[in-house]
Amino acid sequence: MHPRLAADRDGLPLLLETVRQHAVGLLKEIPEREVVPSAPLPDPDPLPAQGAGLQAAVDDFAARWEPALSASAGPRYLGFVTGGATPAALAGDWLTATWDQNAMSSLDGAGQHLERETIGWLRTLFGLSEEHHGTFVSGATMSNTVGLAVAREWLGEQRGISPAEHGAGALGSVRVLSGAAHSSVPKGLSMLGLGRKSLVRVPTLPGREAVDLAELEHALAEGESDGRCVVVANAGTVNTVDFDDLRAIAALRERYSFWLHVDAAFGAFAALSPEHAHLVDGLDLADSICVDLHKWLNVPYDSAVQFTRRPDLQTRVFQNAAAYLGPLGDTPDMAHLTPENSRRLRALAAWFTLRAYGRDGHREITERCVDCARALGDAVENAPGLRLLAPVRLNVVCFTLAENPTTERLAALAGQLAAEAFLTPTVLDGVPALRAAFSNWRTTEADARRVAAALHTALRALPTL
Ligand SMILES: *Cc1c(COP(=O)(O)O)cnc(C)c1O
């Protein structure tokens, strides 16, 4: 064995203790760390020929790279939709690497069964019935893509062909109807050979991001003759967290034939709050559902779940026939259900946080995030220089400058905030804007007030033109 490796093996207990202390130090300071780092990026080093052991790697990482990493695990990183990692999720992630299980096959221990238990918990959390089968994937983009892959196979089944066997070309052109689809949907359509152009943007309700049902019905009626339709319903759009009427869309299947996929990447968490659960009413009626876990469940990257009522079609797409893997059977191994073959025991972090805090703990996180968004939303509404662009429906505040809201001025405003908070730019109905998304378990209303105060200061410092 290489002497450095042998030394690290022998010194592992102490080395891990050092790493633990390092992590504890980071987590202690993370609420006060610069949210967007001002430190310059280090230049890349050449590959170390010798290596200097784990302790030296920790020291080098701390010196060169850590100063330039963002405080995305902290309470005021409000860009995108970025959860942190609850204490239990972090521990689950450490143990995932410690165990280093390959959760793809029943030949390899109980990992898959732990995943299935976790899927059952998630189903209950989001109010889904046992008709929905689930698997873990790396994120909502993959979850949407898997849902659309199953949809593609279902469209084939309607015409007696299998796109998985004969290629997407055998299907002919497909229409994917959606009001305000997330950018990951055209990306998935590109990967699946259905093409980005298959996405048809259906008009939304006036001043809203929720699909106009009459327009959707019109688009479905137009496609009736060839019938190759998928509807992607949105349960929580990223800009204004608007929700399509899922129950009403599902009811359209009585008159039109289509696959209903719901992108509920973070909106599914509305189900945890009695005040907001109506927003996802009808979610269980979907044929496939995407939910991100590295956002509002607060597990580390990379984790999402996809649910479907047709695991048989999913197996047709993803089956990985090899002599060394188990047969398909009634309960196919994960290797036959997901884009990956070998993969980590991704469910463990979710299992830990659900085991540790349960439904009520995660409900508290969800409701607190909503309270924070409301607090910041109120502050924006009362600030003369700012204008709220949409009501705060859940956990996102979308706003712009009351006067002259150019991309440059908004970027300058966001730049002024950078040490205190990170917000992402967007454009809503042609208006450049900023959005603050609350989804981190650490965030409190005191943080929301700090962001509001920083916004006031930044506004005063903003050049008028
Ligand atoms: C974040 C998000 C996605 C993509 O998620 P990734 O985890 O980044 O792949 C898809 N849809 C919605 C609504 C999202 O918020």
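The following refers to the structure shown. (Residues numbered from 1 in each chain as written. Predicted model: local features only at pLDDT ≥ 70, side-chain atom pairs only at ≥ 80, totals over all residues. Heavy atoms only, no water.)

Read across the sheet, 4 strands follow the order S8-S9-S11-S10 without closing on themselves; strand pairing throughout is antiparallel. Each having just a single partner strand, strand S8 (386–388) and strand S10 (424–428) make up the two edges of the open sheet. Between one strand axis and the next, the sheet turns through 40° on average, direction left out of account. In this structure, strand S9 (residues 396–401) lies alongside strand S11 (residues 431–437), joined through 4 bridges in antiparallel fashion. (Pairing = 2+ DSSP bridges. Helix = DSSP H or I, 4+ residues; strand = E, 2+ residues; numbered from the N terminus. Axes fitted to C-alpha atoms, helices over the stretch in contact; angles between N-to-C directions.)

This part takes up the packing of helix H1 (residues 3–10) against helix H2 (residues 12–29). Working note: a packed helix pair is described by the angle between its axes plus the distance between those axes. Closest axis-to-axis distance for the H1/H2 pair is 5 Å, and the angle between their directions is 80°. Considering the angle they form, H1 stands roughly perpendicular to H2. For the pair formed by H1 and H2, the contact residues are Asp 8, Arg 9 and Asp 10 on the first element and Leu 12, Pro 13 and Leu 15 on the second. Counted by class, the contact of H1 with H2 contains 3 nonpolar, no polar and 3 charged residues. (Parallel < 35°, antiparallel > 145°, perpendicular 65-115°, else oblique. Contact = heavy atoms within 4.5 Å. Nonpolar A, V, L, I, M, F, W, Y, C, P; charged D, E, K, R; others polar.)

Of the consecutive residues Tyr 301 and Asp 302, the connecting peptide bond is found in the cis state with omega at 0°. Tracing the backbone through its elements, the reader meets Asp 302 in the loop between strand S6 (288–292) and strand S7 (304–308). The residue Val 241 is not glycine, and still its phi comes out positive at about 50°. Topologically, Val 241 is positioned in the loop between strand S4 (229–234) and helix H10 (246–251). Residue Asn 298 is not a glycine yet carries a positive backbone phi of 60°. Mapping Asn 298 onto the fold places it in the loop between S6 and S7.

The next subject is the site of the ligand. Thr 141, Asp 263, Asp 292, His 294 and Lys 295 are the nearest of the 14 residues found near the ligand. At 2.6 Å, a side-chain N or O of Thr 141 approaches an oxygen atom of the ligand. Within the side chain of His 294, an N or O atom sits 2.8 Å from an oxygen atom of the ligand. Surface burial for the ligand is 83%, taken as the share of its 390 Å² of free accessible area covered by protein chains. Residue classes in the shell around the ligand are distributed as 4 nonpolar, 7 polar and 3 charged. (Near = heavy atom within 4 Å. Polar contact = N/O pair within 3.5 Å; in protein donor to acceptor, adjacent residues only side chain to side chain. Areas by Shrake-Rupley, 256 points an atom, 1.4 Å probe, with all protein chains shown as cover.)

The residue Ser 38 is located in the loop between H2 and helix H3 (53–65) in this model. Separated by 30 residues in the primary sequence, Ser 38 and Ala 68 place their C-alpha atoms 7.1 Å from one another. Only 2.8 Å separates the side chain of Ser 38 from the side chain of Glu 34, close enough to count as a polar contact.

Moving on: the packing of aromatic side chains. Aromatic ring pairs are reported here in terms of the distance separating the ring centres and the angle at which the planes meet. Using the criterion set out here, one finds 7 aromatic pairs in the structure. Judged by centre distance (4.7 Å) and plane angle (40°), the rings of Tyr 77 and Phe 422 are tilted. Taken together, the residues Tyr 77 in the loop between H3 and helix H4 (87–99) and Phe 422 in the loop between helix H13 (407–417) and S10 connect sequence positions 345 residues apart. Phe 422 carries the same exposure label as Tyr 77, and that label is buried. With 6.0 Å between their ring centres and 50° between their planes, Phe 80 and Phe 422 make a pair best called tilted. In this pair, Phe 80 sits in the loop between H3 and H4 while Phe 422 sits in the loop between H13 and S10, placing the two residues 342 residues apart along the sequence. (Phe/Tyr/Trp six-rings, centres within 6.5 Å; stacked < 30°, edge-to-face > 60°. Buried < 20%, exposed > 50% of the residue type's maximum accessible area, 1.4 Å probe, protein only.)

Right, let's talk about the environment of Pro 67 for a bit. Locating Pro 67 in the fold gives a position in the loop between H3 and H4. For Pro 67, a relative accessible area of 36% gives the class partly exposed. For Pro 67 and Ala 265, which are 198 residues apart along the polypeptide, the C-alpha to C-alpha distance reads 31 Å. Setting aside chain neighbours within four positions, we find Pro 67 in contact with Arg 33, Pro 37, Ala 39 and Ala 62.

What the rule picks out here adds up to 27 salt bridges. Here Asp 45 and Arg 64 are joined by a salt bridge, their closest N and O atoms 3.4 Å apart. Remark: Arg 64 occurs in helix H3 and Asp 45 occurs in the loop between H2 and H3; sequence separation between them is 19 residues. Its salt-bridge partner being Glu 217, residue Arg 255 comes within 2.6 Å of it at the nearest N-O pair. Of this pair, Arg 255 sits in the loop between H10 and strand S5 (259–263) while Glu 217 sits in helix H9 (residues 213–222), and the two are 38 residues apart along the sequence. Look at Glu 217 and you get partly exposed, because its relative accessible area is 22%. Salt bridges linked by common partners bring Glu 153, Glu 157, Arg 310, Asp 312 and Arg 316 together as one network. (Salt bridge = Lys/Arg side-chain N within 4 Å of Asp/Glu carboxyl O.)

Residues Leu 122, Phe 126 and Phe 438 are the most contacted members of the largest nonpolar core, which totals 84 residues. At 11 residues, the largest contribution of residues to this core is made by helix H12 (residues 347–382). If sequence neighbours within four positions are ignored, Phe 438 has contacts with Leu 78, Trp 296, Cys 369, Cys 372, Ala 373, Leu 376, Asn 395, Val 397, Thr 443 and Ala 448. Residues Val 137, Ala 151, Leu 313 and Phe 318 belong to the second largest nonpolar core, which totals 22 residues. (Core = buried A, V, L, I, M, F, W, Y, C linked by side-chain atoms within 4.5 Å.)

Take the pairing of S10 next. Side chains Thr 424, Thr 426 and Leu 428 of S10 all project onto a buried face; the interleaved residues Pro 425 and Val 427 project onto a face where none is buried. Pairing of S10 with S11 involves 5 bridges; the strand directions are antiparallel. Its bridge partner being in S11, Pro 425 is matched across the sheet by Leu 434. From the end of S10 to the start of S11, which pair antiparallel, there are 2 residues, and Asp 429 there has a positive phi angle of about 50°.

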